[in-house]
Amino acid sequence: MIPEHQNHVVTTIETMPESITAASPSVFQRMKKVLSRELILTLALGQVLSLLICGIGLTSKYLADDYHANTPVFQSFLNYILLFLVYTTTLAVRQGEENLLAILKRRWWKYMLLGLIDIEANYLVIKAYQYTTLTSVQLLDCFVIPVVLLLSWFFLLVRYKVWHFVGVGVCLLGIGCMVGADVLVGRQQGLGDHKLMGDLLVLAGATLYGISNVCEEFIVKNLSRVEFLGMMGLFGSFFSGIQLAIMEHKELLRVQWDWQIGLLYIGFSGCMFGLYSFMPVVIKRTSATAVNLSLLTADLYSLFCGLFLFQYKFSGLYLLSFLIIMLGLVLYSSSSTYVAQDPRVYKQFRNTGNAITDTPNVGPHEPSVTYTSLRQEMEEEPRIRVA
């Protein structure tokens, strides 16, 4: 039984030419093959992001443990500078409404808030390691997933199916299995001197991550990936530079600079820049929720590298947790979400200040239903202008 609000979809299908409907079996078979390839590609793209996070973690560990360089704000500052040099300058040389000054004139305060949220999300989670245990950080950092789900439901109007929630639950089960393996093998758990303080920092950082990811999804799907990264480079470098001057200037003076430390900073900045540049591509193809589920495997990649680099102990539960997380990703990605859009209430990030001229007001608006799939359409979707 098809709901009444989907009748327009049925009507469109019924009006298709007979030649198309006659060939429907072969078309459906081909669609099934394409979706299978797209599913594999989606999973692979998510694991590329996890590998980049693994590189970020390894370089940070070497800097902190071997060279006693505890400079998280400075490391983030280097990434924002790279974003500024590449993407902000690209916006500066553009013409028309896509120019840097035109964007700032319309939306500067929104990007300023988003930049602050992104900076403090990174800082709070890294700071939490000084107060709580590694196990607590791993568990509580998963709080970003329900945050993204709720924000996507209420602000992006994304509607989920049963299999999406099943997939999320399976992924979280895999994280629980990984944490259990950490406890059994006695992996370094951290100091945990002020555990409550650290746990609150993780929850706050995860909440800010969720806000940042949902805003990023909306911007890259409705505006521009270059615009998002350019604004992050502009405001991120500005505010992280201020935070660096206040909080870490003495720590930078104590760093014993040599070519090895320089290579580690370069490696960290390269991985971070790649993560920020590539994540909008994956989010546009899938969603912020799918990306955060994919990132759950990053700790496992870091662990596998640590087996050779830091002599971590191995447990078969780590492989089991990896397989469980991947199963959850398959379950989540195998079913498409849909977006219920109501022109009266669906708020755009943009603010054109112009009235709608292309859609006449002929009566009450009925909410439409737009289905999304794993496959990204080649054509750009028409942008909705909202007063």
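Just so it is clear, the structure is predicted and the values come from calculations on it, not from any experiment.

Rules used throughout
Residues numbered from 1 in each chain as written. Predicted model: local features only at pLDDT ≥ 70, side-chain atom pairs only at ≥ 80, totals over all residues. Heavy atoms only, no water. Core = buried A, V, L, I, M, F, W, Y, C linked by side-chain atoms within 4.5 Å. Buried < 20%, exposed > 50% of the residue type's maximum accessible area, 1.4 Å probe, protein only. Helix = DSSP H or I, 4+ residues; strand = E, 2+ residues; numbered from the N terminus. Contact = heavy atoms within 4.5 Å. Axes fitted to C-alpha atoms, helices over the stretch in contact; angles between N-to-C directions. Parallel < 35°, antiparallel > 145°, perpendicular 65-115°, else oblique. Left-handed = near helix turned anticlockwise from the far one by under 90°. Nonpolar A, V, L, I, M, F, W, Y, C, P; charged D, E, K, R; others polar. 1 Å grid on protein atoms, 1.4 Å probe; cavity = no way out; pocket = protein on both sides within 12 Å on 5 of 7 lines; lining within 4 Å. Points joined across faces, edges and corners; volume = space filled by probe spheres on them. pLDDT = per-residue confidence, 0-100. Patch = residues over 30% accessible without salt bridge, like charges linked within 9 Å, V, L, I, M, F, W, Y side chains within 5 Å. Areas by Shrake-Rupley, 256 points an atom, 1.4 Å probe, with all protein chains shown as cover. Salt bridge = Lys/Arg side-chain N within 4 Å of Asp/Glu carboxyl O. Phe/Tyr/Trp six-rings, centres within 6.5 Å; stacked < 30°, edge-to-face > 60°. Lys NZ or Arg CZ within 6 Å of the ring centre and 35° of its normal.

## So, the nonpolar core
Part 1 of the argument: Counting 41 residues, the largest nonpolar core has Leu 293, Leu 296 and Tyr 318 as its most contacted members.
Part 2 of the argument: Of all elements in the fold, only helix 3 (24-66), helix 7 (144-154), helix 8 (162-185), helix 9 (195-222), helix 13 (288-294), helix 14 (298-309) and helix 15 (316-333) reach the threshold of two or more residues within this core.
Part 3 of the argument: Dropping the residues within four chain positions of it, Leu 293 is found in contact with Ile 145, Val 168, Cys 171, Ile 325, Leu 329 and Tyr 332.
Part 4 of the argument: Membership of the second largest hydrophobic core comes to 34 residues, among which are Leu 91, Ile 103, Tyr 111 and Phe 235.

## A few points about the packing of helix 7 against helix 9
Part 1 of the argument: Two elements in contact, helix 7 and helix 9, have axes whose closest approach is 8 Å; the angle formed by their N-to-C orientations is 40°. The pairing of helix 7 with helix 9 is recorded here as oblique in orientation. The way helix 7 lies across helix 9 gives a crossing that is right-handed. Taking contact as the criterion, the partners of Val 144, Val 147, Val 148, Leu 151 and Ser 152 in helix 7 are, on helix 9, Ala 206, Thr 207, Tyr 209, Gly 210, Ile 211, Asn 213, Val 214 and Glu 217.
Part 2 of the argument: Classifying every residue of the contact of helix 7 with helix 9 by side-chain character gives eight nonpolar, four polar and one charged.

## Some points on empty space enclosed by the protein
Part 1 of the argument: Inspection of the entire model under this criterion finds two cavities of 30 Å³ or more.
Part 2 of the argument: Approximately 70 Å³ is the volume found for the largest cavity.
Part 3 of the argument: Pro 72, Val 73, Ser 76, Ile 119, Asn 122, Tyr 123, Ile 126, Ser 240 and Gln 243 are the residues that line the largest cavity.
Part 4 of the argument: Looking at the lining of the largest cavity, the elements with two or more residues in it are helix 4 (72-92), helix 5 (100-128) and helix 10 (225-247).
Part 5 of the argument: Broken down by element, the lining of the largest cavity gets its largest block of residues, four residues, from helix 5.
Part 6 of the argument: Looking at the lining of the largest cavity, its residues break down into five nonpolar, four polar and no charged.
Part 7 of the argument: Taken as a whole, the second largest cavity holds about 60 Å³ of empty space.
Part 8 of the argument: Lining the second largest cavity are Thr 42, Leu 43, Gly 46, Leu 49, Val 282, Thr 286, Ala 290, Val 291, Ser 294 and Ser 333.
Part 9 of the argument: Those elements that provide at least two residues to the lining of the second largest cavity are helix 3 and helix 13.
Part 10 of the argument: Looking at the lining of the second largest cavity residue by residue, the classes come out as five nonpolar, five polar and no charged.

## Observations concerning the side chain of Asp 199
Part 1 of the argument: Position of Asp 199 among the secondary structure elements: in helix 9.
Part 2 of the argument: The contacts of Asp 199, once residues within four sequence positions are left out, are Thr 132, Ser 136 and Leu 140.

## A short note on the confidence of the model for the protein
Part 1 of the argument: A residue-level look at the protein finds 76% of positions with pLDDT of 70 or above and a mean pLDDT of 78.
Part 2 of the argument: A low-confidence stretch, residues 1-25 stays under pLDDT 50, and its non-local contacts, those more than four residues away or across chains, total five contacts.
Part 3 of the argument: Low pLDDT, under 50, characterises residues 343-387; the predicted model gives this stretch 74 contacts beyond four residues in sequence or across chains.

## Structural notes on a nonpolar patch on the surface
Part 1 of the argument: A cluster of nonpolar side chains, contributed by Trp 108, Trp 109, Leu 113 and Leu 116, occupies part of the molecular surface with about 390 Å² of accessible area.
Part 2 of the argument: Position of Leu 113 relative to the elements: it lies in helix 5.
Part 3 of the argument: Classification of Leu 113 as partly exposed rests on a relative accessible area of 43%.

## Quick notes on the side chain of Thr 59
Part 1 of the argument: Tracing the backbone shows Thr 59 in helix 3.
Part 2 of the argument: Judged by relative accessible area, Thr 59 falls into the buried class, the value being 13%.
Part 3 of the argument: Contact partners of Thr 59, with chain neighbours within four places excluded, come to Leu 264, Gly 267 and Phe 268.

## Observations regarding the pattern of salt bridges
Part 1 of the argument: Under the defined criterion, the tally for this structure stands at four salt bridges.
Part 2 of the argument: For Glu 98, the salt bridge is made with Arg 94, and the minimal N-O distance between the two is 4.0 Å.
Part 3 of the argument: Under the relative-accessibility criterion, Glu 98 is labelled partly exposed at 24%.
Part 4 of the argument: Since its relative accessible area comes to 27%, Arg 94 is described here as partly exposed.
Part 5 of the argument: Of the charged contacts, one joins Glu 251 and Arg 254 as a salt bridge, the two residues approaching to 2.7 Å between their closest N and O atoms. Of this pair, Glu 251 and Arg 254 both sit in helix 11 (residues 249-254), three residues apart, which is roughly one turn of the helix.

## Concerning the packing of aromatic side chains
Part 1 of the argument: This structure, assessed with the given rule, holds nine aromatic pairs.
Part 2 of the argument: Aromatic side chains Tyr 80 and Tyr 276 sit 6.1 Å apart centroid to centroid with 80° between the ring planes, which places their arrangement in the edge-to-face category. Taken together, the residues Tyr 80 in helix 4 and Tyr 276 in helix 12 (residues 259-285) connect sequence positions 196 residues apart. Tyr 276 shares its class with Tyr 80; the two are buried.
Part 3 of the argument: One cation-aromatic arrangement involves Arg 159 over Trp 153; the distance from NZ or CZ to the ring centre is 4.2 Å.

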